[in-house]
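# Summary of structural features
Here is what each chain is made of, one letter per residue.
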Amino acid sequence: MPVAAAAPLISSVQKLVLYETRARYFLVGSNPAETKYRVLKIDRTEPKDLVVIDDKHVYTQQEVRELLGRLDLGNRTKMGQKGSSGLSRAVSAFGIVGFVRFLEGYYIVLITKRRKMADIGGHAIYKIEDTNMIYIPNDSVRISHPDEARYLRIFQNVDLSSNFYFSYSYDLSHSLQYNLTVLRMPLEILKTETTQTRQESFDIFEDEGLSTQGGSGVFGICSKPYEKYVWNAKLLEAVRSAVHRDWLLYIIHGFCGQSKLLIYGRPVYVTLIARRSSKFAGTRFLKRGANCEGDVANEVETEQILYDASVMSFSAGSYSSYVQVRGSVPLYWSQDISTMMPKPPITLDQADPYAHVAALHFDQMLQRFGSPIIILNLVKEREKRKHERILSEELVAAVTYLNQFLPPEHAIIYIPWDMAKYTKSKLCNVLDRLNVIAESVVKKTGFFVNRPDSYCSILRPDEKWNELGGCVVSTGRLQTGVLRTNCVDCLDRTNTAQFMVGKCALAYQLYSLGLIDKPNLQFDTDAVRLFEELYEDHGDTLSLQYGGSQLVHRVKTYRKIAPWTQHSKDIMQTLSRYYSNAFSDADRQDSINLFLGVFKPAEGKPHLWELPTDFYLHHKNSLSLSHTRQSYTYWWTTGVLKHLPLPFDEVTCAENRRKLTVKKFHKYDEEIDIHNEFFRPYELSSFDETFCLAMTNSTRDFMPKNVGIDPSPFTVRKPDETGKSVLGNKNNREETVLQRKTAASAPPPPSEEAVSSSSEDDSGTDKEDEGAVSQRSTPVKVTDTGDNTKITENVVQATKDVYGVNLSDIPTEDDLAIYERFVQLGQGQHKQDKCSQQFCSKHPLDKVINLKPISSFSQDNIYEVQPPRTDRKSIEIFHAHIQAGRGNMQLLGRDDLLMYREYIRNRYM
């Protein structure tokens with residue numbers, strides 16, 4: 001079944017200007033090139049109702065100017081009086097967050113500042129930097145309420161400039177695998193889903209028969225967002241059905257970071273996106289466990305995306321991603337914070353013998369991720385006083401019950417591991433154990449890549465690669481299933497475990513793109529340092545949102561290489577977290593409840609600050625009984641089991657097709673042309689605006705600055721060799737230990753083994769490996785023996801410094817034979833034919849060597865080049881270019897007319 005040419009739809013409302021009259025607000029939105037405009041009319045005469053009118057018409061620049069001129073003229077106090085304009089410009093913006101009402105009229109929330117944070121295949125991801133909240137009704141009709149100001153203050157406690165993200169063309173609520181799977185839908189399905197739209201403006205090319213729905217059409221696809229990760233869904237609810245989809249801008253909350261991994265000049269972007277769930281959202285001690293709908297507290301979906309930035313196209317580029325999830329234990333449990341204890345006791349609020357809430361939670365995961373669902377439980381198993389172990393016992397019972405009814409091949413996998421116990425033990429290496437778990441997890445779930453396996457993986461098969469799970473399709477690989485990690489808070493331990501799993505998956509991703517020769521990465525390489533820094537920023541951000549402080553225990557803490565100053569920082573973070581939980585979490589929880597629409601103010605109801613608890617707001621079954629009851633045995637949604645291990649949300653079926661908006665455009669249309677969206681050739685741009693994203697670079701920030709170091713980001717280095725510590729220090733340059741082992745084949749560095757003690761089971765093996773490392777990679781120390789030696793060191797380097805090995809004095813016979821063959825290769829075909837008789841008797845291998853030209857040049861060697869034969873079409877193009885330079889223009893072809901027509905239509909009509 002052929003695959004259609006498809007592209008994501010790009011919103012045509014990216015620049016907004018709010019104009020104000022006494023009776024109306026006019027919101028004028030345009031695309032970046034300012035060639036297409038839409039107008040939204042908002043009534044200001046209604047004191048409590050929201051009246052928004054969208055005529056769904058696309059205006060040109062000239063039409064908008066005429067419309068604003070007529071509005072200005074019609075709203076003046078006296079005809080012809082220029083001094084008092086009836087239309088004033090209120091504010092400029094980049095998008096609408098939504099509309100909200102408390103006890104008076106509606107407010108509109110606009111994004112007034114943005115900052116580019118990442119770029120995925122030319123699709124920009126922006127962070128909200130500042131917003132503006134504008135009251136809609138006019139002062140003459142405003143009905144004041146004494147509590148309105150307090151509600152407004154609580155609402156604005158949710159800082160929209162802190163870790164809220166959006167994109168005009170990329171669906172941030174879905175994973176990369178989902179977004180690219182939708183674009184590869186079969187052609188027949190897209191044809192049936194295409195909505196026929198009339199031409200919205202007069203076409204000057206209509207007589208020439210060049211219709212917009214011509215043969216060179218491209219399908220534009222826009223999918224319905226996954227509302228669980230959309231934070232302004234309730235704010236847009238009032239206008240969603242009344243306005244065009246381009247006005248709706250969905251924002252996510254969490255983290256977004258991007259770094260550049262430079263591999264010998266080849267740019268590879270590593271992106272980390274964390275989506276925080278808007279369901280059962282809140283702060284640390286106030287939101288624990290799950291609600292009655294299966295939504296858990298502190299649920300975050302983390303996705304790491306890797307792609308080759310040298311090709312900016314979803315269809316032609318190489319993209320890979322891996323998704324994992326963190327979230328509270330899916331049970332009814334809580335902690336009482338009224339006792340003012342650092343660790344309040346854990347209590348189970350409701351008995352759930354049939355694991356009802358856990359079934360709802362895992363049903364959601366099966367729909368979104370497929371199978372297997374792997375649970376990595378990091379809570380404590382052995383305690384003097386039963387505390388965290390309460391959760392483990394209940395979770396084991398719930399998983400055991402649910403697995404009775406699932407097929408064995410799709411059963412939920414439960415992995416308990418007491419991380420705190422192993423951290424305290426001097427005989428155990430925590431990260432070694434986590435690495436073993438990570439390998440087994442990634443092998444079961446696989447990862448996503450949008451290109452088939454490289455031919456080199458067939459020529460040089462790798463055992464780990466052949467054992468990889470997931471789903472292999474003709475276009476690449478799909479991740480099936482997901483790892484769900486949890487501890488009690490899902491902060492410190494969880495972030496370290498997710499980093500180790502992400503590091504393992506990163507190795508497979510790099511291997512699938514042909515960037516390393518084995519799917520293995522070692523610590524103390526530039527690539528892993530870059531990835532670790534990205535993950536620590538990710539962990540700090542999520543920890544601040546949920547716990548009120550940054551991470552207390554980091555990856556370096558578990559590697560046992562953290563500096564002594566880190567201990568004082570950990571104590572300060574612990575105190576900060578305790579203060580936030582005790583004094584400010586209640587106010588933050590009220591703000592989140594109001595922002596997400598969990599609580600809606602109304603006359604005659606108790607105010608938000610008067611509620612003793614928000615339990616009934618998040619548990620709907622506490623207000624009314626559900627008419628439908630879920631089966632105790634068939635606890636999954638109908639249709640999910642039939643498509644496993646594939647996720648139901650990505651299967652091509654009628655239910656999922658209803659979530660898509662499909663339109664057919666011309667290939668040059670701005671709504672699907674990502675080249676125009678990224679480079680913007682029709683406007684005057686500057687380098688500061690085009691390249692405004694300053695991301696971390698492996699070469700600039702991590703690679704050593706001294707001469708002679710291998711530029712590969714996969715070379716194992718000592719910690720004091722990094723670019724952040726070697727800043728031209730003379731002693732560092734002279735004492736540098738040059739490691740030439742790449743991450744694909746190098747053993748662990750001596751520094752890592754010396755700091756982290758061996759595990760209790762493999763102590764003998766570790767000692768043997770350590771001895772082998774010291775023999776294979778003996779450090780070369782440059783000693784100071786005088787001025788002459790220093791001069792020689794700067795001019796001529798040792799062969800081991802340059803090549804990584806010591807060259808032998810006398811080459812072997814095999815090496816000489818290979819070298820002679822290499823020399824003959826450089827002589828070319830005709831040179832070899834002339835001297836074949838002379839060497840025939842001496843070297844019988846000459847008969848085996850049969851040189852064939854591999855390029856378009858029939859004669860191509862180090863001595864001469866013979867130009868290739870040029871085809872007729874190339875000659876015609878060259879002659880047309882020469883004639884055009886002389887002023888003799890040829891007739892335009894069909895494609896040229898289409899391009900010119902689109903330019904004229906967008907610019908002047």
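Scroll up a little and you will see the structure.
Residues numbered from 1 in each chain as written. Predicted model: local features only at pLDDT ≥ 70, side-chain atom pairs only at ≥ 80, totals over all residues. Heavy atoms only, no water.

### Structural notes on the overall build of the chain
Operational definition: Secondary structure elements are taken from DSSP: a helix is a run of H or I of four residues or more, a strand is a run of E of two residues or more, and numbering for both begins at the N terminus. For this analysis, residues touch if any pair of their heavy atoms sits within 4.5 Å. The method behind every accessible area is Shrake-Rupley, applied with a 1.4 Å probe, and residues are considered shielded solely by the protein chains displayed.
For the chain, the count of helices and strands is 31 helices and 27 strands. Taking contacts inside the chain between residues at least 6 apart in sequence as the whole, the part at least 24 apart equals 72%. Accessible surface, the chain: about 45100 Å² in total, of which carbon and sulfur atoms supply 54%.

### What about the packing of helix H9 (residues 430-445) against helix H12 (residues 492-512)?
Stated precisely, the cut-off is as follows: Axis geometry follows a simple rule: fit a line to the C-alpha atoms, using only the stretch in contact for helices, then measure angles between N-to-C directions, giving values from 0 to 180 degrees. Any angle that is under 35 degrees is reported as roughly parallel, and any over 145 degrees as roughly antiparallel; angles of 65 to 115 degrees are reported as roughly perpendicular and all others as oblique. If you view the pair so one helix is near and one far, a crossing is left-handed when the near helix is turned anticlockwise from the far one by less than a right angle, and right-handed when it is turned clockwise. Classes in brief: Ala, Val, Leu, Ile, Met, Phe, Trp, Tyr, Cys and Pro nonpolar; Asp, Glu, Lys and Arg charged; the others, Gly included, polar.
Viewed as axis vectors pointing N to C, H9 and H12 meet at an angle of 55°, and their least axial separation amounts to 9 Å. Considering the angle they form, H9 stands oblique to H12. Judged by the twist between their axes, the crossing of H9 over H12 is right-handed. Residues Leu431, Leu434, Asn435, Ala438, Glu439, Val442 and Lys443 of H9 form the contact with H12, whose own contacting residues are Thr496, Ala497, Met500, Val501, Lys503, Cys504, Ala505 and Tyr508. A class-by-class count of the residues in the contact of H9 with H12 yields 10 nonpolar, two polar and three charged.

### As for a nonpolar patch on the surface
We apply this condition: Patch building starts from residues that exceed 30% relative accessible area and form no salt bridge, then joins like charges within 9 Å and nonpolar side chains (Val, Leu, Ile, Met, Phe, Trp, Tyr) within 5 Å. The term salt bridge refers to a pairing of a side-chain nitrogen on Lys or Arg with a carboxyl oxygen on Asp or Glu at a separation within 4 Å. Burial classification: accessible surface area is computed with a 1.4 Å probe over protein chains only, and a residue below 20% of its type maximum counts as buried, one above 50% as exposed, and the rest as partly exposed.
Side chains of Tyr455, Ile458 and Leu459 sit close together on the surface and give an oily, nonpolar patch of about 380 Å² of accessible area. Residue placement: Tyr455 occurs in helix H10 (residues 455-459). Residue class for Tyr455 comes out exposed when judged on its relative accessible area of 57%.

### Considering the side chain of Ser11
Counted only if it meets this: Counted as a polar contact is a pair of N or O atoms within 3.5 Å, where, for protein atoms, one must be capable of donating a hydrogen and the other of accepting one, and residues adjacent in sequence contribute only when both atoms are in side chains.
Examined against the element boundaries, Ser11 turns out to sit in the loop between strand E1 (6-8) and strand E2 (15-20). Within the local environment of Ser11, its side chain forms a polar contact with the backbone oxygen of Asp246, the two atoms lying 3.2 Å apart. Apart from the residues lying within four places of it in its own chain, the contact partners of Ser11 are Tyr168 and Asp246.

### Overview of helix H2 (residues 148-155)
The condition that has to hold: Arc definition: directions from the helix axis to the C-beta atoms.
Of all the residues in H2, the buried ones are Glu148, Tyr151, Ile154 and Phe155. Take H2 and look down its axis: the buried residues cluster within an arc of 125°, on one side only.

### Quick look at the sheet that holds strand E6 (residues 88-93)
Stated formally: DSSP calls a pair of strands paired once it identifies at least 2 bridges connecting them.
Read across the open sheet, the five strands follow the order E5-E4-E3-E2-E6; overall the sheet is antiparallel. Looking at the sheet topology across the chains shown, the edges are occupied by strand E5 (52-54) and E6. Going from strand to strand, the sheet's axes swing by 20° on average, the running direction of each strand aside. In terms of strand pairing, E2 meets E6 through five bridges, oriented antiparallel. Paired with Leu16 across the bridge in E6 is Ala93.

### What about helix H13 (residues 526-547)?
Quick note on the threshold: Every helix has an expected span of 1.5 Å times one less than the residues it contains.
Here H13 is 22 residues long and its end C-alpha atoms lie 31 Å apart, about the 32 Å a rise of 1.5 Å per residue gives. Where burial is concerned, most of H13 is hidden: 19 out of the 22 residues are buried. One or two residues past the end of H13 sits Gly548, with phi positive at roughly 90°.

### Details of the pairing of strand E18 (residues 373-377)
Here E18 lies mainly inside the structure; five of its five residues are buried. Judged by which residues are buried, E18 turns out to be covered on both faces: Ile373, Ile375 and Asn377 on one side and Ile374 and Leu376 on the other are all buried. Direction of pairing for E18 relative to strand E23 (residues 482-486): parallel, over a ladder of five bridges. What sits directly across from Ile375, in E23, is Arg484. As paired elements, E18 and strand E19 (residues 413-416) share four bridges and run parallel to each other. The residue of E19 that forms the bridge with Ile374 is Ile413.

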